[in-house]
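Coordinate analysis (summary)
Below are the chains, spelled out letter by letter.
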Amino acid sequence: WNPFGRGADDDCCRCYVAVPSSEQPSPKRRSVSLGCTGVLAAGSALLAALVTAAVLDAQRKSGSLGAPGALAPMLLPSADFVERAKRTEYLFAELTFQEVRVVATFAADSLGCATGYRGSGAEALRGCFLSGSEAVVLQIPSKAAALAHLDGGGPAPPRFAEVIVVHGDKPVEQGVGVYAVGPLDGQGGLSKDATLSLLRSLHFNRRPVDLSDTSCEVVTVKVVQQLLDLLVESFGESLLALGGTGVAPGTAGQLFTLYNPAVDSTLQKRVVRVVINWFHDPERFQVNWMHTLPFSFNIVQEGDPEKWYAENVSYCGQMFKTVDDLQKTNQSGQLFKCTYKPNTAYTWDNAGPDPGTPAASEEAEPGRKVSRTWHVVGRGAIRWRGWELFATIRPASGLALYDVRWRGERILYELSMSDAHAYYSGDKAEKQFHYSDKAFSLSGLSGDLVMGLDCPEGSSFLDGSLWMIPSGVTLSTDPAKAKAAKLACIFESDGFEGSLWRHAQLLTRRVSGRPSRQLVVRAVSTVGNYDYITEVRFTEDGSVHVRNEFAGYPETDHAAPFGEVPTTGRRAEHGRAGPWLDWGNRIRGDLVAQLHSHFVAWKVDLDVLGQRNEFHALRVGVAEGSAPGVLPKKAQTDARMDAEDPDKLLIAQAVSPGLWRVVNAEALNPSTGAPRGYAIMIESAPAVQTLPASHPFAVTGSFAKRHLAVARRKDSEPSATHSLDHFPLDAPLLSVDRFLEDRESLVGEDLVCWVSIGKEHVTRSEDVPLVSNFGVAFALHPWNYHEENPAMQLPMMRG
């Protein structure tokens, strides 16, 4: 039931009612149409009353009124929930694709800029254009203003957008502009008095990742031209096109050039690592991740683009400071040459069964269909059993939840994914590289979720906006052409999780319990080679389970002796065990999948019975015997953390188990007198950053040093990272370390927990061509929040 939308005839809201029937094993579905405009004008309470009456009438006619399984009127959304849904949508829902288009066009026209990267090469950087994964996004209102509207009936804060513009037409210190645009009119456009105002100017080297940007090709073409004979001899005629000397033969394949931050990239010296992959058919572009050429280099972007240059050139395992150094070594006859001319039969390097096999023409069976037990109102307000929340998809960072309530009480103001980082090793220190997937977008490169694969049949879907659109073998990035895509789904999972609780009586052996049912909010995002599966599960005992799974293709390089990779068949003949590698593992011949880390940052803004909270750390240890000969015993200690502390690394450890809690010391449990709260529990033994604190990757992603950091909440610290931090590794705009540096009090304050869950991916041959999904998780559990297990109040099963 969607009271904010229109029915198919544009004049009515439509409610489908499941009515059990004696003639059919499955419920009949009856449709009730109600005029949207008139009903909503009369108030949502009247709408709920009318729908309830329609349900009762349908049940009377079917003879199912009061029968087991009949749809109870109380399951319909309450008037309070509908009203609250309108407010949360207004405050937190990400911009629709229509709003993105309107804002992008308005901002570009107001500034005399383009809505996206235009032209080719470095010349396009001389103008101004909207750019990046956060080119056009919602400006999140202050928490004080949002709560005043949600809880106090205060005025709705104006709804604004933020826009990021690259200014090649300004001095480098003003090379990136962040603007506010609005107010929005709530009807998909801007109000008549909308304005554009500059919020801040940033250095040109902070310009965002833009997949339309071809400025690096100026240097890439020069490098390939200088080395063309050697590269064609080693890697084949596909290099002819990249060298700008003509079109490569059709059988030679095509090249995909990837530009990432080099490990020594800084704010003053932007350095790009260039990796070149081969593919043949754009329809099967994904095989490129298995066909990386053993040739790469850095581009130093200092000053005018005509002055950019290449350094740290890697060819067949040999590193040269400059292209000239490589040329001289080759001319002297001292260069070790390798041969790798990629080809494919779309077997080992391509997902799915081999072409021409019976399995290739068959479709896998989808999972079973789920029954609708939840309500989605508007663009993301969700109600399920004792839970209410609002879900939306941010263009850069993905899934975000707001105003999460359990049995009528808000427990979370915000639970949102901040970023996902990946740090890759290399055979040489200079070849390390990293990704901030927020900078690329944790939604914008995705496609529609697939029913039966990503989400079970019967799920509800949430839309997000995309403006990175494929165009041939390239991507066109233009928010003025944004479109909608199904990027998240909602469903109840009640099939295979086992029991929420169960017990067998010792004497009678009779079993009782309650099956586990969970509301799942799942988002799936693709970022180049990797897919991130993000889900938040809500259970009937008041717990919240957060999980990130990693899937997709690994990134690859080559090891000595740099032999040809077998191109056909699932099995490679004549496999050999090469020398041990400390930077990855061979996965086929001399092809190596690199050792790398995944770290995901979450913002957990718990509001336990208000905002006057405090943080406690409980540890389980050993109490020594009180006297000689007295055995030690297990003991627990609890300590309140009184202030922010950047030097205190909160890391879950098996040798020192415990838990962390956010509690309200002024709200005591009536049964025990303990402060009511929620515990944060790290699951699945996740990793933390092991590189030294001074390493560029540890600086740009300081959240990954620890599993948990606790800070006083500030609107000026909205996320663990910024999408503009991808290249200036030494000077992040947002940093969890910096959030803690002022050492502010954490007692009786509004707190935010920055949770990091990570995984070291030690690669293996089974990662070819795609890794099996693996993940990391944490959970939020009520801790002395209830007087008893709340699941005891729900019906149970008896054996």
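For clarity, every value in this text was computed on a predicted model and none was experimentally measured.

**As for the state of the cysteines**
Evaluated as defined, the whole model comprises 3 disulfides. Put simply, Cys-455 and Cys-489 are joined by a disulfide, and their sulfur atoms are 2.1 Å apart. Around the S-S axis, the bridge from Cys-455 to Cys-489 shows a dihedral of about -90 degrees and counts as left-handed. Highlighted residues: Cys-455 in the loop between α10 (437-440) and β19 (460-466) and Cys-489 in strand β22 (residues 483-493), separated in sequence by 34 residues. Each of the two residues, Cys-455 as well as Cys-489, counts as buried.

**Some remarks on the pattern of salt bridges**
This model, assessed by the stated rule, comprises 48 salt bridges. A salt bridge links Asp-750 to Lys-143; the nearest nitrogen and oxygen atoms lie 2.9 Å apart. Residue Asp-750 is found in the loop between α12 (736-740) and β37 (751-761), and its partner Lys-143 is found in helix α5 (residues 143-151); the two are separated by 607 residues along the sequence. Neither residue differs from the other here; Asp-750 and Lys-143 are each classed as buried. Several salt bridges share partner residues, and in doing so they unite Lys-143, Asp-605, Asp-607, Arg-713, Asp-715 and Asp-750 into one network.

**Focus on the packing of helix α3 (residues 79-92) against α5**
Relative orientation of the contacting elements α3 and α5 amounts to 165 degrees, with a least axis distance of 10 Å. With respect to their mutual orientation, α3 and α5 come out roughly antiparallel. Seen from above, α3 lies across α5 with right-handed handedness. Residues Arg-84, Arg-87, Thr-88, Leu-91 and Phe-92 of α3 form the contact with α5, whose participating residues are Ala-146, His-149 and Leu-150.

**Remarks on the side chain of Ser-436**
Checked against the element boundaries, Ser-436 lands in strand β18 (residues 433-436). The class for Ser-436 is buried, based on a relative accessible area of 4%. Side chain to side chain, Ser-436 and Asp-419 meet in a polar contact 2.8 Å long. The contact partners of Ser-436, leaving out residues within four places of it in the chain, are Asp-419, Ala-420, His-421 and His-726.

**Remarks on the confidence of the model for the chain**
Close inspection of predicted coordinates is inappropriate for parts of the model with low pLDDT. Of all residues in the chain, 88% have pLDDT values of 70 or greater, and the mean over the chain is 88. Low pLDDT (under 50) marks residues 1-46, which in the prediction has 83 contacts with non-local residues, meaning those over four places away or in another chain. In this model residues 58-74 is a low-confidence stretch, pLDDT under 50, and it forms 24 contacts with partners more than four residues away in sequence or in other chains.

**Focus: the sheet that holds strand β28 (residues 556-558)**
Spatially, the 3 strands line up as an open sheet ordered β28-β30-β29, and their pairing is antiparallel. The sheet is open, and its two borders are formed by β28 and β29 (584-588), each paired with just one other strand. Taking each pair of neighbouring strands and ignoring which way they run, the sheet shows an average axis angle of 45 degrees. Of the strand pairs in this sheet, β28 and strand β30 (residues 591-594) are connected by 3 bridges, and their pairing is antiparallel. Each residue of the ladder has a partner; that of Thr-556, found in β30, is Ala-593.

**Some thoughts on the nonpolar core**
Membership of the largest hydrophobic core comes to 129 residues, with the highest contact counts inside it found for Trp-602 and Phe-778. Among the nonpolar cores identified, the runner-up in size contains 23 residues, and Leu-95, Cys-128, Val-165 and Met-468 belong to it.

**Describing the packing of aromatic side chains**
Inspection of every chain in the model, using the stated rule, returns 24 aromatic pairs. Aromatic side chains Tyr-424 and Phe-433 sit 4.7 Å apart centroid to centroid with 5 degrees between the ring planes, which places their arrangement in the stacked category. Judged by its relative accessible area of 2%, Tyr-424 is buried. The exposure class of Phe-433 is buried, given its relative accessible area of 5%. Taking 5.7 Å as the distance between ring centres and 85 degrees as the angle between the ring planes, the aromatic pair formed by Phe-433 and Tyr-435 counts as edge-to-face. For Tyr-435, a relative accessible area of 7% gives the class buried.

Cut-offs and rules
- Residues numbered from 1 in each chain as written.
- Predicted model: local features only at pLDDT ≥ 70, side-chain atom pairs only at ≥ 80, totals over all residues.
- Heavy atoms only, no water.
- Disulfide = S-S within 2.5 Å.
- Helix = DSSP H or I, 4+ residues; strand = E, 2+ residues; numbered from the N terminus.
- Buried < 20%, exposed > 50% of the residue type's maximum accessible area, 1.4 Å probe, protein only.
- Salt bridge = Lys/Arg side-chain N within 4 Å of Asp/Glu carboxyl O.
- Axes fitted to C-alpha atoms, helices over the stretch in contact; angles between N-to-C directions.
- Parallel < 35°, antiparallel > 145°, perpendicular 65-115°, else oblique.
- Left-handed = near helix turned anticlockwise from the far one by under 90°.
- Contact = heavy atoms within 4.5 Å.
- Polar contact = N/O pair within 3.5 Å; in protein donor to acceptor, adjacent residues only side chain to side chain.
- pLDDT = per-residue confidence, 0-100.
- Pairing = 2+ DSSP bridges.
- Core = buried A, V, L, I, M, F, W, Y, C linked by side-chain atoms within 4.5 Å.
- Phe/Tyr/Trp six-rings, centres within 6.5 Å; stacked < 30°, edge-to-face > 60°.

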